[in-house]
Structures are given as structure tokens and as C-alpha cells.
Amino acid sequence: GCSSKEANKNNGEAAAGDEPLRKVSVMLDWYPNAVHSGLYAAIEQGYFAEQGLQIEVQMPADTNDPLRLVAAGKVDLALSYQMQVLMARAEGIPVQSLAALVRHPLNYLLVPTGSGIQSPKDLEGKTVGYPSIPTNEAIIQAIVTADGGDFSKVTMTDVGWDLIPALATGQVDALIGGYINHERILLEKEGHETLAINPVDYGVPDFYELVLAASEEGVGNDLDVYKKFWQAMIKGQQYVAEHPQEGLGILLAHEKSESPLDEEIEEKSLEILLPLMDAGERPFGYQDPASWQEAAQWLLDHGVIQQAVPSDEAFVNLVE
Amino acid sequence: MTFSAPIQSLVQQLGIIAKEREIERYRRDWAVAVKLEQVSFTYGEKSEDTAVLRDMNMHVPRGEFVSLLGKSGTGKSTVFKLIAGLIQPSNGQVLVEGEPCEAGRVGYMPQKDLLLPWRTVLGNAMLACELSGGDRKLAKSRALEWMARIGLEGCADAYPHELSGGMRQRAAFLRTMMTDKDVLLLDEPFGALDALTKREMHLWLLSFWEQMQRTVLFITHDLEEAVLLSDRVFVLQANGAGQPQQLRIDLPRPRKPELVHTIQMLDYRKRLERMIYAQHD
Amino acid sequence: MTFSAPIQSLVQQLGIIAKEREIERYRRDWAVAVKLEQVSFTYGEKSEDTAVLRDMNMHVPRGEFVSLLGKSGTGKSTVFKLIAGLIQPSNGQVLVEGEPCEAGRVGYMPQKDLLLPWRTVLGNAMLACELSGGDRKLAKSRALEWMARIGLEGCADAYPHELSGGMRQRAAFLRTMMTDKDVLLLDEPFGALDALTKREMHLWLLSFWEQMQRTVLFITHDLEEAVLLSDRVFVLQANGAGQPQQLRIDLPRPRKPELVHTIQMLDYRKRLERMIYAQHD
Amino acid sequence: MRSMIKHWLHIYGYAAAFAALIVALWEACVRLDFVPSFIIPAPSQIAVAIWIDRHPLFAVHLPVTLGEVLLGLGLSVGGGVLLAILMHLYRPVERMLYPLVIVSQTIPIIAISPVFILWFGYTVWSKVAVTILIAFFPVVVNTYDGLRQGDKEYGELLRTMGASRLQLLTKVQIPMALPSFFSGLKLAVVFSVIGATIGEWLGASAGLGYFSRRMSSSLRADELFAAVVLLSLLGMLLFGWVSLLERRMLRRTNIQRRGRSK
Amino acid sequence: MRSMIKHWLHIYGYAAAFAALIVALWEACVRLDFVPSFIIPAPSQIAVAIWIDRHPLFAVHLPVTLGEVLLGLGLSVGGGVLLAILMHLYRPVERMLYPLVIVSQTIPIIAISPVFILWFGYTVWSKVAVTILIAFFPVVVNTYDGLRQGDKEYGELLRTMGASRLQLLTKVQIPMALPSFFSGLKLAVVFSVIGATIGEWLGASAGLGYFSRRMSSSLRADELFAAVVLLSLLGMLLFGWVSLLERRMLRRTNIQRRGRSK
Ligand SMILES: Nc1ncnc2c1ncn2[C@@H]1O[C@H](COP(=O)(O)OP(=O)(O)OP(=O)(O)O)[C@@H](O)[C@H]1O
Ligand SMILES: Nc1ncnc2c1ncn2[C@@H]1O[C@H](COP(=O)(O)OP(=O)(O)OP(=O)(O)O)[C@@H](O)[C@H]1O
Ligand SMILES: [Mg+2]
Ligand SMILES: [Mg+2]
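Chain B appears in an unreviewed UniProt entry as ABC transporter ATP-binding protein from Marinicrinis lubricantis.

Right under this line is the structure:
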């Protein structure tokens, strides 16, 4: 950012540290975990301060809250899901995505190994558990149908927030809505090996799992602030990508005093996440209009949203 | 306005006459502490047949000690509740010192002692003072003094459930006497007392009454007690109807307990018995 | 074992003597319905000085009608609670028909009426039958019959709060009489009744007692009542200590209410008065 | 008829006016954008949502939730009263079980929801179990306290009449515990509604709780609040019904509450 | 001293033995794999977790939660009693506010969690608000019922002594409402613990509820139950303390509960 340098100049001799930092509040999609190590690294390494920002991290009560609260102007930025941003827009909630953190689905179909289920069509006559989010139903329908199965023979069970116990205690035969970097690792740790089936292999668009969102009003007023924010995030993510051990260490240290994280789990998680967060040629966070287009169309086609959402209005890129 | 002298004096005289009439009326009203006029009362929403009181009339002269007698269940306590303003007559009116009755005008000792169980005897006695916002210290010293005189010395800090039946009754009596009201309604205040204690209470109540010249209405089943204490005795009709019968007790005051053993007492007692029994045979 | 004849007969004789002695003892015990032996009692955990009863002795012969008199607060009701087994003596023993007292052995009418407010008069009267699992129909017809005799006809379905003080007392009395116990404790059962109603109750209670030959203990403050009803009167000491004074009432039975106006009555009354007053002067 | 209406108007006039005022204010707040409608929708929007979704709401979800509520409530009340009576009769039972009962109330549902899933699966029983967990505590505490409160003197009287402990309980202590029991019941009735809702969050395929959570996940506030309004109405209805029952029962039994002293 | 210990053993012996039995059974169940330890860990595992995390648990989270509980409880009780008194004194207030109070109890927290955040942000007040929401209802219902229950006759007596409505309230109705109020308070005390826990789920950065949720989401049952055990202990302690207060108060004031009739 050039603007931050300007600000420094304007203040003359005043040291950068003395200048009041712009406060930016970020609501996480969930409690801190490996996916947020870039953010925490950027905070700890002072990348935000360099940009003249002070970050306030908040945690939600429910995965649906971040979007609502960012739209209501209670927080500046929120981490959420691509599909949910589209659903929110379909409901007239004025939010826009600013950047893609995780560029591919983490939400896989999980089935216990040795259960005989090899591909989605084997789900016929089985029970699939999902957290109350309706997109999961659409995903199962899509992949079962694409695989030549009959979705009407699949029993869908809402398992609330108890994803792991549902599968581990045999209440359901398969699970959708669990993440390969979290639920799957945890299941494995408890001795439940699972087969993870990627929905993308069965025609579901390769959507962004995690995006950064802001309200339309916020984008209108503070786009430059958000850009600065993202610059710091890029540096943070880069730091983590280059030094995964240290990057994770920062997160662990941050959480240590209150709610110590399980190091082993988070390590594995980060290992899975890093490639999925990498944008390749493009800078970290870049969003492809085609992805949005595809996702919006898919949601509409599968009845998750009732009216078409113009996909180009759903996002703004902070980096090109 | 100006008038000629004779007319002026005429107007003045007329004014004086009018005022005297008014005063006279007041005097008459004032002389009656409690007045029941054609009072009817029914509990609940039952029909007229089940009325407890029917067209009852009763005048209690100011400053008199009046007893109410009557068979159990004839409505004595109901009359008290009417005068105390706890219930409203379905017909007729109840006047206390010329005004329609309302709660808080008279001192009322109900038939049940109704001592507040979470207050000590002293606490119960202090209730009236607390409610009217009087001088607490004065009230306390008076309560303690009176307590000693009615045989409750040392019980100031006892809770009601630690008292015997007669002690509870005396504590309730004390509480009523602590209300500074001109009219006192006492519903069987000494029913649970032995003869000796009762005699002490009589003496104390009489001396209190003679000093203060309050109006006292007194329900009892003890005929000797009624004669000993009262200026006038009302005997309620069995079916709660009409005018209660009256008997004036023309014995000189102050009255001594020894009166109980006199011929006069026997005579009054017999007359009262006849009045009560007559209604039921 | 075998013994020679003379020894056998000796053993037999000794056995007979022993048995006769036992029978004799039983007879003596049996003749005493209620026995208090050196009974002391203190409420709470206060020191000995505040004892309500101290080394009290009292024998109530079987089948007698016995009254308890005493100044208010001397411990009459406490004695009843001991006999009813509600409280345990801190010293000495209380025997009912030769056995240590325990709740449920005697019929007890407490000083407060304690009618269950959620039951009608009939429901309250039926309590004893329900508890002992007796014949409900029989009990009901008996309750209704007795209700008529004590002036509560038509009140069977009334709730206690709809009754006058005297009616409540009679309902409580009825409930006690419905218990089929051999010993009855009546704590001021007629204190809230007018003379006429009281007379009716006396007549009924006496006829009941004469028929059934129960043992009755009766607390009252009405001396005439005590003399009229009792075979024996106990007068409790003021400080609750020692043996209560006794007076046998040697009047022939059946006793008529007119007895009240006889010389004998006056005589007994005076003696009792002297006994009570003597303690307090 | 007319006078009946007048009487009701007199009694509930204030309340109705006040409710109308609140609804109007709320509508205004949302319309004037003081509160975003995706966080709290306007009453009119909720009404529309209820109308549009009337079929799933009333025909599908309401009956399911109602069933869970009634089943859970019935078991809570039965079990709660039984437990209270046992604790009252046997002191050791009280000492052993009361702490457990309290513990059950302080365990966050997230900690034991897996247990419910393990034991009951996704049947109606997992929801009933949550309902019971939430609704039975007030019944236990209030009934137990009510049983202990009863005037000692009535109990003494009955003892002199040879009453057994059980008779003491049925003839005196239970009647005297009724007012307190009813306070607990009123709480339980309301709690059972939220209990069923939370129970459905643990996993369900129908019910107003399930519906509300789905709508919340789809960010459809109108429908979410449509379900909430139904839940509230259900709670109020049940509460009103129990209050009525209470009034009848206590009037008939003349226990304490003989009308308000004016 | 010895006899004191004996006395306590006698009173709590059963309870302690029973508790020990339960803990032993539980341990066995987990060890023998009847229950997977990631769903319910063994008591020994929990104990180890408490020990390991003693610093964050006792130094960081417990004080935060305790503060919320006490603040929320205080406000619930104060506000609840005030509301009950107002409803008792003014009938229209009752008719206007009672339905609202009931509604507040049937709204699932997910529906209004954004509202709390919107209004109170991430301050302690959002947690206190949830605590109040959960804890004040039993206080209101029990206190209100208690005020109405009081024997009418005492009130009548006071009216003949010229008592005003306020005096009636303070001299008769409040003393007579105490037993019922205490039942409500006991409920509120326990509910305020769970209230603070749930409040912390709405957004917090410390507290046992926050801790437990985080541990739950990463399937760390040992730590989760370590927090749960602390919450339960907190609830029991508060409950015990209020019970003690109740016993003292009611004994001192001789209201009804003059000991249990044996
Ligand atoms: N609350 C009530 N509801 C219905 N009836 C009642 C009520 N109170 C009293 N009664 C009836 O009214 C009548 C008169 O009762 P009241 O208490 O005035 O009698 P009383 O003359 O005081 O009798 P006692 O000498 O026995 O006290 C009785 O027949 C009684 O049954
Ligand atoms: N529960 C109690 N706790 C403490 N003291 C009590 C209790 N009950 C009674 N007493 C005291 O014991 C004494 C005797 O009481 P009791 O009721 O036996 O008297 P009583 O002879 O029946 O009197 P009364 O004729 O007035 O009914 C009284 O001084 C009383 O204060
Ligand atoms: Mg009367
Ligand atoms: Mg007595």
C-alpha cells in the first residue's frame, strides 16, 4: 500500500507506531484453527501494523452469524463460504466476497473404510448424515445422480452439530459436511479410518471453501482498507507457506494460554490446507469470475436458491 | 350587598337556626359510633334464602361498651367483618361515626388470632405502630408495659408457635389494643382463658375503657362476662333476621369482679338466657 | 424330665401363683388408661429452669371422664401432646394402656381446630376412617347422623373457611369422635360455643361416653362444665411441677344440665376455684 | 354474549393494545432500517412467511414438535414428581440424587449430545431426552420444596390419627404441595418447548426446531422467525392452559390461594 | 471435632459412597469400552485433564465465567423480583408483560444470537444478557406465585389496621412469598451457570463455556469434560449456598417450613 505511506508522510516526524491504527474487526468462520494460521502469523509478525491496521478477531456463535453480522455492519470482515455468500445474496443480504482463502472444497463425503461404499451410487439404501446446512443435501443429490444412482433411495439425516459421533457410533453410514482437514483427521485419530470422496469428481463445481466477505456498504467505503488488510494477509500466508512449523507455532502459542490446540491435528490439517490455499500464478486470494458463475448456476440448478444471483456482483477482487 | 338593619338581623337569625340544626344533627350522628341500617349480607352468590343477615338494624352509642351474644353461626363475626369494612353489605348501609365503613377505621380483633408467624409477640404488637408510622420507642415501651399486665412478661421475643393457646389470644388482644382507634371490635377475645386470667383481663380492659372512653363491641359466649363488662347487650336472632334484641345493663360502675356472685348478676343472666333460648325453642 | 409327684405339684402351685401375680399386675395396669410417671418436658434446648413440666405424675383410670384445669400456659396442652405421642418426655415415662405412648394410639383433638382446608366438613370427618381403612359407607352415614346431632346439618359439603368459629370447632370435635380409639383427648373442645350449643354438646358427649365407656381426658376453662362432665378433675400446678391436685366429683350419673343450678355444683365450683387460685396468690 | 365480549375486552384490552403497540413499533424499526430485516424481520414479513409456509409449518413440523413436547413434558412431570416424592420420603435418596440432578442441569448440551445420539440415535427419544433434561428440574425442585413446606401441624394431627408415612404424603403433603408444584409445572411447560427445539438441533428430519435451524443456515430470517413465532405461541398456549388448570385445582381445593387479597 | 466428622459422615456417608460407586462404574464402563472415550472420557482422564489444564481452567476461564454468573444472577434476581412485584401490584402490567416473558423463554437462542451481538457486542454484557434470559424466568414465576399464594386472612387483618398496598406487600406478602421465592432462586442459580456457558458460545474469548465449546469442536473430550466438571461444581456450590441461606432465612422467619414432619 501506497496510501499507508502517504499517511506516514502526513504525520511528519511521528513514528509509525504512535499513529493511531485503523481498527479492523474480523469474524472467523469458526474457532481458530490451522486455516487461520496465516491471519495469526500476519498479526504476530506485525504485517497489519505495517499497513496501519489493528486487527480484532472475533468468533461466531454459529457458522451463519458471520455473514449476518458483517452485513449488519457489526464487524468489518467475515470469513464465510462461497455458497453461503451466494445464498445470502439470494436472500437480499448485501454481502460481497473479497478473496478466496481456500480455493477448493474441504467438504468431502466421508465413509468408513470397509463399509462397501466406494462411490456415491453405493449410497442407495444408506443413511447420510449432514449438518443442517441445505447445500449438503444438494451435493449428495448431485453426486449420487451423477454417479448413476437414485437419490430418492438415500436417506438424509440432519445430525446437527454432532458430525463425528454420528459416524463413529454408526448412527449414519456416511457423512457430508465434515472437512477433510478436521473431521476426517479427528475420526482417524479415534481409530475410524474413512474414505473421502471429493464431490468435484462427480460434477459438483470446484467451489471455494472459505472466502473473506464484507458488506456492500463496507466495500463502497473502505475498499482501500480492505486492500491493505489483504496485503498483510498475503504476507502472512506466504510466511506460513514458507515456514509451516513457525506459522503454526504462532497460532498454537496464541491459543495456548486459553484453549490449547492439539498440535498433531493442526499440523496435519495445515499440511492438507496449504496446497488448497495456493492460487498458483495468481496472487493469494484471487477469485475467478468463472468459479462464481459456476457456483451460482449450480445452486440455482439444484434448487438451493430460488432466484438467479448475478455472479459478478457477488464478489470484488482485492488483488488481480 | 347591603340590607336594611331589620332584614339583616332576620337573615342572621335564620342562619343561626340553620347552623344549630346542623350541629344538632351532627350531635345525633356523633352520638352513634356504629350504625347498621337495614343491612343484608349473603356469602358467595347464593340466593336470598341463605342470607346470613337480613334487614338488620343496630345502633351502638358512642363510648358505650356493647356485647353481642347469639348462638354459634348466627352471624356475629359477620357483623364485625362488615363494620371493619372487610366485606360490603349486599343491601343497606353500615356507618362508622357517620361515614360508610372502610377498612382501617376501627380496631378489629378477629376470632382467629392470626398472629404473623414470622414475627415475635413484640413484633406483632408493634404492627399497628409500624403501619401508622407512629413513634416506635413509645409504642415499644407501651407494648412491654401492657404485656406485663396481661401476663405475657418475658414473651416479647417468643414466636407465636411457642405460645399456648391462651397466650396467643392475649398476644392478639394486645396487638388490637395497640391500634389507636376510637372503635374496638373484639371477637371472643378471652374465649381460651381460664377464669383467673380472664378476670385479670377484664379488670385491665375495663380500666382501659374507662380511661379512654372508646366504643367497644364485644362478642362473647360467657353471659357473666357480658353482664360484667357491658352497658348494653345485643342478642342476635337465630336466622340472622331483623332487629337484634337489646338489654341495658344498669349496674353502677366501676364494676368489681365480685359482682358475679350477686343476685343482680343472676337476674341479668337469667334474662339473657331467656332471650337466647327463646329463639330456639 | 420327670419328677416325683409331690415336687411336681409344688412346681405346679408355684407356677399358678406366678401366673396369678402376673394377672394381678395386668389388671392393675389395665385399670390405668393413661399413666404419667415422673415426667419432665422442656421445649427446645433450653435449660432445666424453663421446663414446662417437672416430675409430673398422673394416673387416669380406665373408663373415667377426667378434666384437666389450670391457668393458661401451665402445660395442659403439652400433657396432651405427650400422651398423643407427638413429643417425647425428656425424663420419666408416659404409658397409654401400659405401653409407652406412640402416635396413633389415642384420639386427639388439638386446641386449634386444624381442619384440612381442602376437605369439606364431611371429608374431614371421614379422615379417620380413610386412614384406618374402615367401612366408608358406614362411616359416612354415622358422620352425617352425628353432624345432625351437633347442629352441623347441611354443612357436610361446606369447606372449613365457610364456617363460623363455633362450627369449625364442632367439625373438629366430630372428626375426633370419628376415631375409634379407647382414649380420647379433648383440648378445649367447646371453648368457642354459646351456652345453648354447649349444653347440647355436653348431652351428646355424655351419652356417647356412657354408651361406649371410653376414657376421656378433657381440658377446659369452664368450671361448671368440668364438674358437670367429670368423674375426676386434675388441677395443674402453675409452674408445671409435681403432682397435679385432684378432686373427685361424686355426683350420680346420668347427670342433667339442671345440675348447674344446684348447691352441689356451687360447692364443687368453689372448691375448684380455691384450688386454682391458691396456687397463684 | 355482548357483555362477555366487553368483559374480555376489559380484562385483555390493555394487553392487546400493548401487544399491538409492540408489533407496530417493531414493524417501524425494521421498515426504518434500525434493525436489518435479515436479523429480525418485520412482523408483516413473518406473517407472510407463516402464510406461505403454512402447509409445512402446521401440517408437518408443528405436530412433530408438539408430540415431542407433550411426551417430554409428561415424562418430566411424572418422573420429576416421583423423584421429588422419593427424595422427600427417603433422606438418603435426596442426598444421593439431588447433587446428580443439579449436575444434569449444569452440563452444557454440547457435552452430552453425543451420548444422547449414542443411546437414542435419531429417534424421537433423543429429542424427548433433551426435553426431559431441560424440563424436569423445575418440577423436582418445586415439588420437593412444596412437600417439605406443608404446615407441620396438619401432619402431626394425622400422625395422632395413626397415619402411615404414605398416608401423610397423600392426605396432607401432596395437597399442600400443589401450589408450589404448579409453579414448577408452569416453568416445565415453557421449558419443554425450548427443550424439544434444542433436541431437534441434535439431529432430526422434522419439527419446528429442525425447520428453524435449516432456515437459519439458509439465512432465511422470515421463515426462521415464522417457526419461532409458532414456538412462542405453543409455549404461551401451554402455559395458559396450565395456569387455568392451576386456578381450577387450587380453587377447588382451597389451598392458600383463595383469591388475591385486594 | 471427632464427633463433628462422625456427624458429617453419617449425613453424607451414603451420598459419598454413592458418588464413589458412580464414578467407579463410569470408569469401568469407559475402560471396558462400553462407551467410547471420545464421547465420555473416564473420570481419571478428566482428572488428568483438569490437572494439565489447571492454569487456563482456574486462572483464565473460571474467573470469567464466575463473574458472568454472579452478575447475571444478581440482575436476574433483582429484575425478576421487581417484575413479579409489579405484576402482583398492577394487574395490567401482568397482562401486558407476562406473555412477553413467556415468549422470551421459547425463542431459540440461534434465532436471536445475532441480536445479542448487535446490541451488546463481545462485551461481558452479551453473556450476562443470555444468563438473565435463562435465569430470570423461574424467579419471576415463583416469586409472583408466592406473592399471590399468601394466606388471604393475614392480608385482611392488616387492611383492618389501615395498611396500604405497599405495606401489605412488605409486611405480609413478601414474607409469605419467601419459600416460593427461594425455590425460584435455587433454579435460577443453577440456570445462571448454564446461561453463562451458552452466553459464551455467542462469542467470547474466555470462560468455561468458550473453552468447552472449543474443546468439543476439536473432539477433545477430556478437556471438554474437565470444563463441564468445573461448571457442575460451580452449580452445586451455588445451589448449596442458596439452600443454606434458605434454611436460615426460613427458620428465622418461621414461615411454614418449621422442619420436616417426620
Ligand atoms: N366465608 C364464608 N363463606 C360462606 N359462608 C360463611 C362464610 N363465613 C361464615 N359463613 C356462614 O355464615 C354464618 C355466620 O357466620 P359467623 O362467623 O358470622 O357466625 P358467628 O355468629 O360468629 O358464630 P360463632 O359464634 O360460631 O363464631 C355461618 O352459618 C357460616 O356458615
Ligand atoms: N413449641 C413451643 N416451643 C416453646 N415453648 C412452648 C411451645 N409450646 C408451648 N410452649 C410453652 O409451654 C408452656 C405451656 O404451653 P401449653 O400450650 O401446654 O399451655 P396450656 O396449659 O395449654 O395453656 P392454654 O390454656 O393457654 O392453652 C407455655 O408457657 C408456652 O409458652
Ligand atoms: Mg364468630
Ligand atoms: Mg392449651
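Peer 1: Which parts of the structure should I look at to understand the sheet that holds strand β4 (residues 91-96) of chain B?
Peer 2: In sheet architecture, strand pairing relies on hydrogen bonds along the backbone and comes in two forms, parallel and antiparallel. All names here are of chain B. Reading across the sheet, the four strands line up as β2-β1-β4-β5 and stay open at both edges, with antiparallel pairing between neighbours. One side of each edge strand has no neighbouring strand; the edge strands of this open sheet are β2 (53-61) and β5 (99-100). When strand β1 (residues 32-41) meets β2, the two strands line up antiparallel, connected through six bridges. Along β2, the bridge assignment pairs Val 34 with Val 60. Helix-sheet contacts for helix α2 (residues 76-84) involve β1, β2 and β4, and the interaxial angle to β1 is about 115 degrees.

Peer 1: Explain the site of ligand 1 here, please?
Peer 2: Contacts to ligand 1 come from 19 residues, most closely from Ser 72, Ser 77 and Thr 78 of chain B together with Ser 164 and Gly 166 of chain C. The contact in question runs from an oxygen atom of ligand 1 to an N or O atom on the backbone of Gly 73 of chain B, over 2.8 Å. The backbone of Gly 166 of chain C places a nitrogen or oxygen atom 2.6 Å from an oxygen atom of ligand 1. Coverage of ligand 1 by the protein chains reaches 87% of its 630 Å² of free accessible surface. Those elements giving two or more residues to the shell around ligand 1 turn out to be α2 of chain B together with α6 (165-177) of chain C. For the shell around ligand 1, the residue count by class is four nonpolar, twelve polar and three charged.

Peer 1: Before we go on, may I ask you to explain the environment of Met 147 of chain B in this structure?
Peer 2: All names here are of chain B. With respect to the helices and strands, Met 147 occurs in helix α5 (residues 136-149). Sequence-wise, Met 147 and Val 121 are 26 residues apart; in three dimensions their C-alpha atoms are separated by 9.3 Å. Apart from the residues lying within four places of it in its own chain, the contact partners of Met 147 are Val 121, Leu 122, Leu 152, Glu 153, Ala 156 and Leu 174.

Peer 1: Got a minute to help me understand the packing of helix α3 (residues 54-89) of chain E against helix α8 (residues 165-201) of chain E in this structure?
Peer 2: When two helices pack together, their arrangement is given by the angle between the helix axes and the distance between those axes. All names here are of chain E. Taken N-terminus to C-terminus, the directions of α3 and α8 make an angle of 145 degrees; their axes are 8 Å apart at the nearest point. Judged by the twist between their axes, the crossing of α3 over α8 is right-handed. The residue makeup of the contact of α3 with α8, split by class, is 16 nonpolar, four polar and three charged.

Peer 1: Sorry, what's going on with the coordination of the magnesium ion (ligand 3) here?
Peer 2: Put simply, the ideal angle at a metal is 109.5 degrees for four donors in tetrahedral geometry and 90 or 180 degrees for six donors in octahedral geometry. Residues and elements named next belong to chain B. For the magnesium ion (ligand 3), every protein donor is listed as Ser 77 (OG) and Gln 111 (OE1), and the spread of their distances is 1.9 to 2.2 Å. Linking Ser 77 in helix α2 with Gln 111 in the loop between β6 (107-109) and α3 (121-125), this pair joins segments that are 34 residues apart in sequence. Judged by relative accessible area, which is 19%, Ser 77 ranks as buried. Judged by relative accessible area, which is 25%, Gln 111 ranks as partly exposed.

Peer 1: Before we go on, may I ask you to explain the interface of chain A and chain D in this structure?
Peer 2: How big an interface is tends to be reported as the loss of accessible area on association of its parts. In this assembly, 30 residues from chain A lie in contact with 24 residues from chain D. Both faces combined, the contact of chain A with chain D buries some 2,400 Å², and carbon together with sulfur accounts for 59% of it. Counting the surface chain A buries against chain D, the share from its top three residues, Arg 68, Trp 161 and Gln 171 of chain A, is 27%. Inspection of the chain A/chain D interface yields ten residue pairs in polar contact (both at pLDDT 80 or more). Elements with a minimum of two residues in the side of chain A that touches chain D: α4 (65-71), α5 (82-90), β7 (155-158) and α7 (163-168) of chain A. Counting residues per element, the side of chain A that touches chain D draws most heavily on α4 of chain A, which supplies four residues. Of the residues contributing to the side of chain A that touches chain D, the split by class is 16 nonpolar, eight polar and six charged.

Peer 1: I tried to follow the site of ligand 2 on my own but got confused; where do I start?
Peer 2: Taken together, 19 residues sit near ligand 2, with Ser 164 and Gly 166 of chain B together with Ser 72, Ser 77 and Thr 78 of chain C positioned nearest. Taking Gly 165 of chain B, its main chain carries an N or O atom lying 3.4 Å from an oxygen atom of ligand 2. With respect to ligand 2, the side chain of Ser 72 of chain C contributes an N or O atom lying 2.7 Å from an oxygen atom. For ligand 2, whose free accessible area comes to 630 Å², the fraction covered by protein is 87%. Of all the secondary structure elements, the ones that give two or more residues to the shell around ligand 2 are α6 (165-177) of chain B together with α2 (76-83) of chain C. Class assignment for the residues of the shell around ligand 2 results in four nonpolar, twelve polar and three charged.

Peer 1: Whenever I open this one, a nonpolar patch on the surface confuses me. Can you help?
Peer 2: Residues and elements named next belong to chain D. A grouping of Met 4, Ile 5, Trp 8, Leu 9 and Tyr 12 is seen on the molecular surface, where their side chains present a nonpolar patch of about 560 Å² in accessible area. Among the structural elements, Leu 9 can be located in helix α1 (residues 2-31). Relative accessible area serves as the criterion here: at 57%, Leu 9 is assigned to the exposed category.

Peer 1: I would appreciate a short explanation of the pattern of salt bridges in the present structure.
Peer 2: Between side chains of opposite charge, a pair can form as their charged atoms come close. Overall, the coordinates contain 58 salt bridges over all chains when judged by the stated rule. Of the charged contacts in the structure, one is a salt bridge between Glu 64 of chain C and Arg 232 of chain C, with a shortest N-O distance of 2.8 Å. With Glu 64 of chain C in the loop between β2 (53-61) and β3 (65-69) and Arg 232 of chain C in strand β9 (residues 232-235), this residue pair connects regions lying 168 residues apart in the sequence. Take Glu 64 of chain C: its relative accessible area is 11%, and that puts it in the buried class. Across the salt bridge formed by Glu 130 of chain C and Arg 136 of chain C, the nearest N and O atoms sit 3.7 Å from each other. If you follow the salt bridges from partner to partner, you end up with Arg 62, Glu 97, Glu 99 and Arg 105 of chain B in one network.

Reading the values: rules and limits
- Residues numbered from 1 in each chain as written.
- Chains lettered and ligands numbered in written order.
- Predicted model: local features only at pLDDT ≥ 70, side-chain atom pairs only at ≥ 80, totals over all residues.
- Heavy atoms only, no water.
- Pairing = 2+ DSSP bridges.
- Helix = DSSP H or I, 4+ residues; strand = E, 2+ residues; numbered from the N terminus.
- Contact = heavy atoms within 4.5 Å.
- Axes fitted to C-alpha atoms, helices over the stretch in contact; angles between N-to-C directions.
- Near = heavy atom within 4 Å.
- Polar contact = N/O pair within 3.5 Å; in protein donor to acceptor, adjacent residues only side chain to side chain.
- Areas by Shrake-Rupley, 256 points an atom, 1.4 Å probe, with all protein chains shown as cover.
- Nonpolar A, V, L, I, M, F, W, Y, C, P; charged D, E, K, R; others polar.
- Left-handed = near helix turned anticlockwise from the far one by under 90°.
- Donors = N, O, S within 2.8 Å, 3.2 Å for Na, K, Ca; no water.
- Buried < 20%, exposed > 50% of the residue type's maximum accessible area, 1.4 Å probe, protein only.
- Buried area = accessible area lost by both parts, 1.4 Å probe.
- Patch = residues over 30% accessible without salt bridge, like charges linked within 9 Å, V, L, I, M, F, W, Y side chains within 5 Å.
- Salt bridge = Lys/Arg side-chain N within 4 Å of Asp/Glu carboxyl O.

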